[in-house]
Each structure stands twice: as structure tokens, then as C-alpha cells.
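# Architecture at a glance
The chain contents come next:
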Amino acid sequence: MKTSLPKDFLWGGALAAHQFEGGWNKGGKGASVVDVMTAGAHGVAREITETVEADKFYPNHEAIDFYHHYKEDIALFSEMGLNCLRTSIAWTRIFPTGIEEEPNEAGLQFYDDVFDELIKHKIEPIITLSHFEIPLYIAQEYGGFRDKRVVDLFAKFAEVCFTRYQHKVKYWMTFNEINNQMDTNTPLFLWTNSGVTVKPGENAKEVMYTVAHHELLASAKAVAIGKKINPDFEIGCMVSHVPIYPYSCRPADIMAAEDAMRQRFFFADVHCRGAYPNYALKEFEREGYDITITEEDKDILQNGTVDYIGFSYYMSTVVKADITQDNTGNVVNGGLANGVENPYIESSDWGWAIDPTGLRYTMNRLYDRYQLPLFIVENGFGAIDELEEDGKIHDDTRIDYLKKHIDALELAVTYDGVPLIGYTPWGIIDLVSFTTGEMKKRYGMIYVDRDNEGNGSMKRYKKDSFEWYKKVIATNGKKR
Ligand code: BG6
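Residues numbered from 1 in each chain as written. Predicted model: local features only at pLDDT ≥ 70, side-chain atom pairs only at ≥ 80, totals over all residues.

A separate point is helix α3 (residues 66-80). One full turn of an α-helix is made of 3.6 residues, so residues set three or four places apart face in the same direction. The end-to-end C-alpha distance of α3, which contains 15 residues, comes to just 17 Å, noticeably less than the 21 Å that a straight helix rising 1.5 Å per residue would cover. Along α3, the largest kink reaches about 40° and is centred on Glu72. Phe66, Tyr67, His69, Asp73, Ile74, Phe77 and Met80 are the residues of α3 that are buried. Looking at the buried residues of α3, the elements they touch are β1 (10-14), α1 (17-20), β2 (84-88), α5 (105-120) and α15 (464-474). The first or second residue beyond α3 is Gly81, which carries a positive phi of 95°. (Helix = DSSP H or I, 4+ residues; strand = E, 2+ residues; numbered from the N terminus. Expected span 1.5 Å × (residues − 1). Bend = angle between axes of the 7 residues up to and from the residue. Buried ≥ 20, exposed ≤ 12 C-beta atoms within 10 Å, placed from the backbone. Contact = placed C-beta atoms within 7 Å.)

See the structure below:
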């Protein structure tokens, strides 16, 4: 008998405050680490400036100005039939520098307004507490999550959000793609994950593990606080999952892939099991890393394990044991020196490998390892879209990408038996790209008239994928 997706399956879209809200200094908001990032391009890193410089363009400042368009945008999400929307709360709207005693009421009110509008349209808000939005003040004055005091600053921010929105939000996530920073060769990741810059002479991996420890503690503390406020909360982690395949069946390639996969699993291992995995402890010992993990820390980790695994899936990658090359800055393979291209699959214009089967493989690996429900909170296709004269956007390639990934997730659920809470494709409306800061790398099913330089009317247009996804949702995935 053919089974199908559960009746209460959550179909939505995913966004992040800094990439779509705009209003970067409105309503008392402070600057975050992304507010000092300029635009880059494919292969050109975004510049991180000390302050906001008058002659530079910072694409996240205005983004797509959801801040002023939220009613119109939510009406479009509703028309599409979304029953949930994943977004984040900009920490700096609530605590502009991160260290204030009292939260900023205007910032809290903004999210009340947005959540009320969503709920009015029967769209459940799914909320990430920290999606690359650490206050700039904390990054500059505390060195970001290097400083253990930031654990409690984050816990306080979490507590304020949990308390304020406890009757509006059920599903939460602590840190978005917390494992990006495992790639210490690309400064973007430690900066956006943790507000950290590695100083000359420092061992980047040691810095990263110290920061990771603090962030894992912050996450665990938040989970414990949230559960006290509302035991019905579902609080998850959020990891970027890029499965790493061995290049061949040579045992050396298999082991190289296994080693590399540990780097992917490390954060989820601690989030889900509440303790450090042996391979990490051995690494600290072998490399002489000085990571202070107290008995109290161990208790905090043990008492703050997550309820589900939120993850992003865009692509897979490959390692080959006998290759060493400089992949620094190559975001698609995590900077792995033995990372190579997969000869069997194609890639997007930005070099992201298109691999729907990798999603099914990922779901099985994550579920086998942790036995926790999964939530695909990001997946999508970044591409250049053409706005035709008649106002149409024909994005067949995106539809094809999404369709094949839904085929794969359905198999994982109905054939393999993996519990899946929902699916929120990335950038349901066009927004600023995270890695490049471009607008032209579009993911949305709604087009926004805005270009890389910040020109455009901000007018919204429905792409072909809009009607396609509407049908998918209306039939609970049956018609696609
Ligand atoms: C994930 C992030 O890395 O992928 C998002 O959580 C990001 O913030 C998305 O936008 C796609 O990446 P990019 O660089 O194409 O925008």
C-alpha cells in the first residue's frame, strides 16, 4: 500500500531576519555582525569592515525591506498556502548591543506584529534565535563567543523571546548552521556564527572549538530555560548538512569520508547526546587544544539536549584520500583539502552540486544516528531569474530542483520511515545571499525587483514556482 506524508505535515518557507527584513537601524535596532558586511560575488569574499563606512554598500541594511512590506508579503505567503514560516529574531532588535539590562520594546513589538499577522493567516511561525545576527558590540568588545560571559547574554535573550512569544511560537531553533564554522579557512563563518575573528598566530581550530563549546553551552541553557517557560515547546538545533561521499570504494577514500563526516556531525552529536563524542576529545588531546570543559558545563550540556534536528540541505560533496589542494574559501566543500568534484552530478551557476538523492541519504544518516525527528528547514536552488516584460518569471529549473528533492524526502518518510516534521524551502521570497551578499542569486518563489547594487522598485512578482508550490501544498505533496 502506498503511504503518504503525514496530514499535519508543515509546508512552509524559510528566511532569516538579516537577509530580508531591512530596517537595520529602525525601531532602536543595533548593528549586528552582518551590518558591516559588504557585497561579494561568486568567488569574491564579502568584506567585513570595522564600522559602517559611508562610501560602501551594505546589502543587508535595506535587504528587501520586509520591515515595511510585512503585511503584503505575508498575504502572498498565505495565498501560496504556506502553513508555517521559518524566520529568525534579530538579536539586535531586542538587545541593540547585547548587554542592555532591559529589552527594547519596539523590537519586541515588531515581532509581535509579524507573528500576529502570520497567525491571522494560519501560518505558524518557526523561529531561529540566532541566524548570523550576533550584536556587533559583542563581537567587538567581547570577541564574540570566545568570551564565556556571552553564554549568559544569549541565554537572557532566549529567555526574553521565549517568555514574550510563548503563546505564539511552538517550534524554536537555537543557532543557525552552527557547524559552518568548522571551516576555519573562510573568515565569514566564524564571524557570522560567533562574532569571532582569528588573530595572527592563533590556532584557528583551537579557537573554533573554544567558541563552539560556549555556543553549545548557550544552546543547552536556552533549551532548559525554554522548557521551564513552556514544556510544550519543541526546541531544536540547526545544522548545515552536506553529506561527504568517498570518491571510490578504496578503503582509504571510505575512511577519509568518515573523518570528514565527523566534522559535519560534531555539533549535532553534542546537541543531541548532551556530551562530547570520543573522536573530538581525542582530537583535543592529540592536538594539545586547551578547551576548558568543567563538570558544571557537562551537566548543562546533558540537561539541554534538543527535541529535533533542524537542518539545511543544498548539496553533497566528495573527498579523495590521496589529494591535497588549496580549497581555502571554497564554501561548497567546507574548504576540505581533499575535496573534489563529483563526476556524476551537475552543479548550479555558483558551483553547488545538485543531488536530490543526497537528501534521502542525509535523512537516513541523521535519523539512524540520533533517532530524533527531523525538520528540513532549508533547501533550494540559487539562480539568476529573468523578469519578462509581461511580469512573469519562468523558473522551471527551480521547480525541477524542488520537485526532485520533495520526491527524495517523500521516499525517506514513506519508504525508509524517517519522521519528518516539515519542509521549508529557503528564501521563499528573494532575499540577500548569505555567502555572496548578492541579490541576483535568487531562491524565491516570489521575485523582488532589487538588484545587486540596491536599485529597483522593491515590487513583488509571482514566479511560476509560486503556483507550482501552491498546488504541492494544497495536495499535501501529491501533485508536483
Ligand atoms: C544557508 C544559510 O547557509 O544557506 C542561509 O542558513 C543562506 O542564511 C542559505 O542564505 C543559502 O546560501 P546563499 O549563500 O546562497 O545565500
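That was the structure; now back to the text.
On to the sheet that holds strand β9 (residues 339-340). Read across the sheet, three strands follow the order β6-β8-β9 without closing on themselves; strand pairing throughout is mixed. The sheet terminates laterally at β6 (244-246) and β9, the two strands that pair on one side only. Two strands pair when backbone bridges link them, and strand β8 (residues 317-319) and β9 are joined in this way by two bridges, in the antiparallel orientation. Bridging across to β9, Val318 finds its partner in Val340. The sheet strands contacting helix α10 (residues 251-273) are β6 and β8, and the helix crosses β6 at an angle near 170°. (Pairing = 2+ DSSP bridges. Axes fitted to C-alpha atoms, helices over the stretch in contact; angles between N-to-C directions.)

This part covers the site of the ligand. Every one of the 14 residues lining the ligand counts as a neighbour, but Glu177, Gly382, Ser433, Phe434 and Thr435 are closest to it. Split by residue class, the shell around the ligand holds three nonpolar, eight polar and three charged. (Near = placed C-beta within 6 Å. Nonpolar A, V, L, I, M, F, W, Y, C, P; charged D, E, K, R; others polar.)

Attention now moves to the pairing of strand β4 (residues 171-175). With respect to burial, β4 is a largely interior element, five of its five residues being buried. Here strand β3 (residues 124-130) pairs with β4 via three bridges, running parallel. The residue bridging Ser130 from the neighbouring strand is Phe175, located in β4. As judged from the three bridges shared by β4 and strand β5 (residues 234-240), these two strands associate in the parallel manner. If you follow Met173 over to β5, its bridge partner there is Gly236.

With that out of the way, let us pick up the sheet that holds β5. Ordered by their spatial adjacency, eight strands build a closed barrel running β1-β2-β3-β4-β5-β7-β10-β11, and the pairing between neighbours is parallel. Put simply, the sheet's adjacent strands are angled 30° from each other on average, direction ignored. Both strand β10 (residues 374-378) and strand β11 (residues 420-423) contribute to a ladder of two bridges, which runs parallel. Across the sheet, Leu374 pairs through a bridge with Leu420, a residue of β11. Set on the sheet, helix α9 (residues 204-229) makes contact with β3, β4 and β5; between it and β4 the angle comes to about 155°.

Let us look at the UniProt feature "active site" (unreviewed entry) in the chain. As recorded in UniProt, the feature "active site" (unreviewed entry) lies at Glu378. The topology assignment puts Glu378 in strand β10. A count of 25 C-beta atoms within 10 Å places Glu378 in the buried class. (UniProt positions renumbered as here; feature names shortened; annotations may be inferred.)

This part covers unusual backbone geometry. With a phi close to 55°, Asp65 is a non-glycine residue in the positive phi region. Tracing the backbone shows Asp65 in the loop between α2 (59-62) and α3. Taking the number of C-beta atoms within 10 Å as the measure of exposure, Asp65 has 17 and is therefore partly exposed. Even without a glycine there, the phi angle at Gln371 is positive, about 50°. Examined against the element boundaries, Gln371 turns out to sit in the loop between α13 (356-370) and β10.

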